[in-house]
Amino acid sequence: MAKESILVVEDEDDIRELLRYNLEKEGYQVVPAATGEEALQAVRGRLPDLILLDLMLPGLDGLEVCRSIKGAAATRHLPLVMLTAKGEEADIVTGLELGADDYITKPFSPRVLLARVRAALRRRSLPLPAADAPLKIDDLVIHPGRHEVLLAGTPLNLTATEFRLLHLLVRKPGWVFTRSQIVNAIHGHDYPVSDRSIDVQIVSLRKKLGEAGSRLETIRGIGYRYKE
Ligand code: CA
């Protein structure tokens, strides 16, 4: 099998080399790029299997690169993981809303890096379950057609909005959703949905899920995800 290739976009030489070292050791082929312009050129040449993209780049910055890759039909499907510094939550939110798949905060451990890369590559090959297909994860079973959720075999009494919220997160386990992505995805019919009300819905959903509620993880300053 051909090696999976990863485009590594990072202007700092030390970090780029560290990324390259760790990824090559794991058997990936690394295509390095030191600027956003170089990155876009590399993508036009040959599509990588995944893109690791530093957000703080001189010249064309990471968000612009992300916008360009996620905005083009030919490259939209490429898994894109952002590299960010602490305190860049607003940029992370923007990147996720532009279509980035995940992010890693610097400084990162090689273990976390490789786990995130593996997860993003794995998700790429998993088709998203159909919106009306029953989902089973851990001890949760969701029947979208029947609007029914079973936790360890016991039906939960959820509102329509709670149901849609849980279904959204569970369909893409491990995926971080920003509040506005959640608002757009679930439009409340029984309840006016706003960024703030998502937090309220999550609290209520966690309560109804009991111990399993801890699987709904708050990503501070960014949003929520169902823990893989
Ligand atoms: Ca940088």
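Numbers given to residues run from 1 along each chain, matching the order in which its sequence is written. Only residues with pLDDT of 70 or above have their local features reported here, since the model is predicted, and side-chain atom pairs are shown and tallied only from 80 upward, although totals for entire chains, interfaces and linings are computed over all residues. To get the side-chain values, all heavy atoms of the structure are used, and hydrogens and water are removed first.

1. Examining the sheet that holds strand 8 (residues 148-151)
Next up, step 1: Read from one edge to the other, the open sheet built from 4 strands follows the order 6-7-8-9, with strand pairing classed as antiparallel. With partners counted over all chains shown, the strands left at the sheet margins are strand 6 (135-137) and strand 9 (154-155), one partner each.
Next up, step 2: Strands qualify as paired when DSSP identifies two bridges or more between them. Put simply, DSSP H or I for four residues or longer makes a helix, DSSP E for two residues or longer makes a strand, and each gets a number counted from the N terminus. Summarising the sheet, strand 7 (residues 140-143) and strand 8 pair through 4 bridges and their orientation is antiparallel. Bridge assignment links Ile142 to a residue of strand 8, and that residue is Val149.
Next up, step 3: Helix-sheet contacts for helix 6 (residues 160-171) involve strand 6, strand 7 and strand 8, and the interaxial angle to strand 7 is about 115°. In what follows, a contact means two residues having at least one pair of non-hydrogen atoms within 4.5 Å. Working convention: axes come from line fits to C-alpha atoms, limited for helices to the stretch in contact. Angles between N-to-C directions cover 0 to 180 degrees.

2. Some points on the environment of Ile104
Next up, step 1: Positionally, Ile104 belongs in strand 5 (residues 102-106).
Next up, step 2: When a residue's accessible area, from a 1.4 Å probe over protein chains only, is under 20% of the maximum for its type it is buried; when over 50% it is exposed; and in between it is partly exposed. For Ile104, a relative accessible area of 2% translates into the label buried.
Next up, step 3: Considering only alpha carbons, one finds Ile104 and Gly145, 41 residues apart in sequence, at a separation of 36 Å.

3. Here we look at the packing of helix 1 (residues 13-25) against helix 5 (residues 110-125)
Next up, step 1: Direction vectors running N to C along helix 1 and helix 5 enclose 65°, while the axes themselves pass 11 Å from each other. As for the relative orientation of helix 1 and helix 5, their crossing is right-handed in sense. Along the contact surface, helix 1 presents Leu19, Asn22 and Leu23, while helix 5 presents Pro110, Leu113, Leu114 and Val117.
Next up, step 2: Polar here means any residue outside two lists: the nonpolar Ala, Val, Leu, Ile, Met, Phe, Trp, Tyr, Cys and Pro, and the charged Asp, Glu, Lys and Arg; Gly therefore counts as polar. Of the residues assigned to the contact of helix 1 with helix 5, the class counts are 6 nonpolar, 1 polar and no charged. Should the near helix be turned counterclockwise from the far one by less than a right angle, the crossing is left-handed, whereas a clockwise turn marks it as right-handed.

4. Remarks on the coordination of the calcium ion
Next up, step 1: Coordination partners: N, O, S within 2.8 Å of the metal, 3.2 Å for Na, K and Ca; water not considered, so apparent gaps in a site are possible. Protein-derived ligands of the calcium ion are Asp11 (OD), Asp54 (OD) and Met56 (O), with the metal-ligand distances lying across 2.1 to 2.4 Å.
Next up, step 2: Overall, the relative accessible area of 54% leaves Met56 in the exposed class.

5. Re the domain arrangement of the protein chain
Next up, step 1: When cut into domains, the protein chain gives domain 1 (5-125) and domain 2 (135-226).
Next up, step 2: Domain start and stop positions are those given by an automatic or database domain assignment. In this structure, domain 1 and domain 2 have C-alpha centres spaced 28 Å apart.
Next up, step 3: Taken together, the 9 residues of domain 1 in the interface contact 12 residues of domain 2.
Next up, step 4: When two parts are brought into contact, each loses some accessible area as probed by a 1.4 Å sphere; the total of that loss over both is the buried area. At the boundary of domain 1 with domain 2, total buried surface from both sides reaches about 900 Å², with 56% on carbon and sulfur atoms.
Next up, step 5: Three residues stand out in domain 1 for area buried against domain 2, namely Leu96, Glu97 and Arg123, and they jointly supply 46% of the buried area on that side.

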